[in-house]
Amino acid sequence: MDQDEKKIKVAEAALEYIENNEILGIGSGSTVNCFIEMLDKVKSKIEAVVSSSEKTSQLVKSKNIKVIELREAGKISVYIDGADESNKFKQLIKGGGGALTREKIVANSSSKFICMIDDSKYVGVLGKFPLPIEVIKMAQSSVAMEMIKLGGRPILRENFITDNGNIILDVHDLEINEPIKLEKFLNNIPGVVTNGLFAIRCADKLLIADDKNIEVI
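Reading guide: rules and limits
- Residues numbered from 1 in each chain as written.
- Predicted model: local features only at pLDDT ≥ 70, side-chain atom pairs only at ≥ 80, totals over all residues.
- Heavy atoms only, no water.
- Helix = DSSP H or I, 4+ residues; strand = E, 2+ residues; numbered from the N terminus.
- Rg over C-alpha atoms; globule rule 2.2 N^0.38 Å.
- Buried < 20%, exposed > 50% of the residue type's maximum accessible area, 1.4 Å probe, protein only.
- Contact = heavy atoms within 4.5 Å.
- Lys, Arg positive; Asp, Glu negative; His and termini not counted.
- Charge placed at Lys NZ, Arg CZ, Asp CG, Glu CD.

Q: Lay out the overall build of the chain with the relevant residues and their values.
A: Looking only at helices and strands, the chain has 7 helices and 13 strands in total. Expected size for 217 residues packed as a compact globule is a radius of gyration near 17 Å; at 17 Å, the chain falls within 12% of this value. With the C-alpha coordinates aligned to their principal axes, the bounding extent of the chain is approximately 50 × 40 × 30 Å. The proportion of buried residues among the 217 residues of the chain is 53%. Taking contacts inside the chain between residues at least 6 apart in sequence as the whole, the part at least 24 apart equals 73%. Across the chain, the 29 positively charged side chains and the 32 negatively charged ones have centroids separated by 3 Å.

Q: With reference to specific residues and values, describe helix α2 (residues 30-37).
A: Residues of α2 that are buried include every one of Thr31, Val32, Cys34, Phe35 and Ile36, and no others. Those residues of α2 that are buried lie in contact with α1 (3-14), β1 (22-26), α3 (54-62), β3 (76-82) and β6 (110-118).

Q: Give a description of the environment of Ala83 that names residues and reports values.
A: Inspection of the secondary structure assignment puts Ala83 in the loop between β3 and β4 (85-86). For Ala83, a relative accessible area of 7% gives the class buried. Along the chain, Ala83 and Gln3 lie 80 residues apart, while their C-alpha atoms are 14 Å from each other. Aside from chain neighbours lying at most four places away, what touches Ala83 is Leu92, Ile93, Lys94, Cys115, Met116, Ile117 and Lys121.

Q: Any details on unusual backbone geometry? Residues and values, ideally.
A: The backbone of Asn64 shows a phi angle near 60 degrees, a positive value even though the residue is not glycine. In this fold, Asn64 is placed in the loop between α3 and α4 (70-73). Owing to a relative accessible area of 66%, Asn64 belongs among the exposed residues under this scheme. A positive phi angle, near 70 degrees, is found at Asp173, a position not held by glycine. Locating Asp173 in the fold gives a position in the loop between β9 (167-172) and α7 (179-187).

Q: Can you explain the side chain of Thr31? Please cite residues and give values.
A: Relative to the elements of secondary structure, Thr31 occurs in helix α2. The residues contacting Thr31, other than those within four sequence positions of it, are Lys7, Val10, Ala11, Met116 and Lys121.

The structure is reproduced here in C-alpha cells:
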C-alpha cells in the first residue's frame, strides 16, 4: 500500500468521529483534502465547519457545507487534521502547508483533536521534518539567528506568504527532545507568530495508517 492509499484509508477512518449536529474544525494538507472529499458520506451530520485555511474553506464550500468563523462557533466539538510528524505522546509537528497558526488556533478551541497520519510520520523523536515557524517579516534575521543558536538551520520558505501575511522559516536539524519546553521558548521570541510544535495542545487521538490497518493511540 503506497502513501496515497494510506492517506485515503486514515481519512475514511476519521469520518467515524463526526457526530450529529456537529460544528467541525478542519485543518489543511493532503490527508485533510482526502478527508474533505469523503464528507458527502456524513454531510447530514455536519452543521458547519470552522476552517484553518483559505484553501480548506474553498474545498469545504465546494461540498455545499457551510463555513463559519470561529467567533460564530464558540467551542468546536471535534477538530480533524493531519500532521507532518507525531511521537508516541501525540505531540506533533505541523505547518508543512503553511497554515500552522490558524490550525493551532482552531485546535486550541476544540474539545477533541483527532489527528490522521500514515506510519511514515510516526517517529521516536520529533525534528526530522523541518520545524516551520511563522514570522513577521521584519524579524526574519533576528529569529533566524536565534534558531542558529539552538543548533538549527533556518531556511526561508521561498515564494510563500501565509494567509496571515507573514513568512515561514523552516528550521532543519533540530532534535526535539522536550517539545513543550521548546514550543514555549520559540513562541516567546519577538517576531514569532507561532511555531509548528503542537505539544502544549497535542492530539487527543492519533490515527495511524499502515499497510494493513488503522492503529488508534
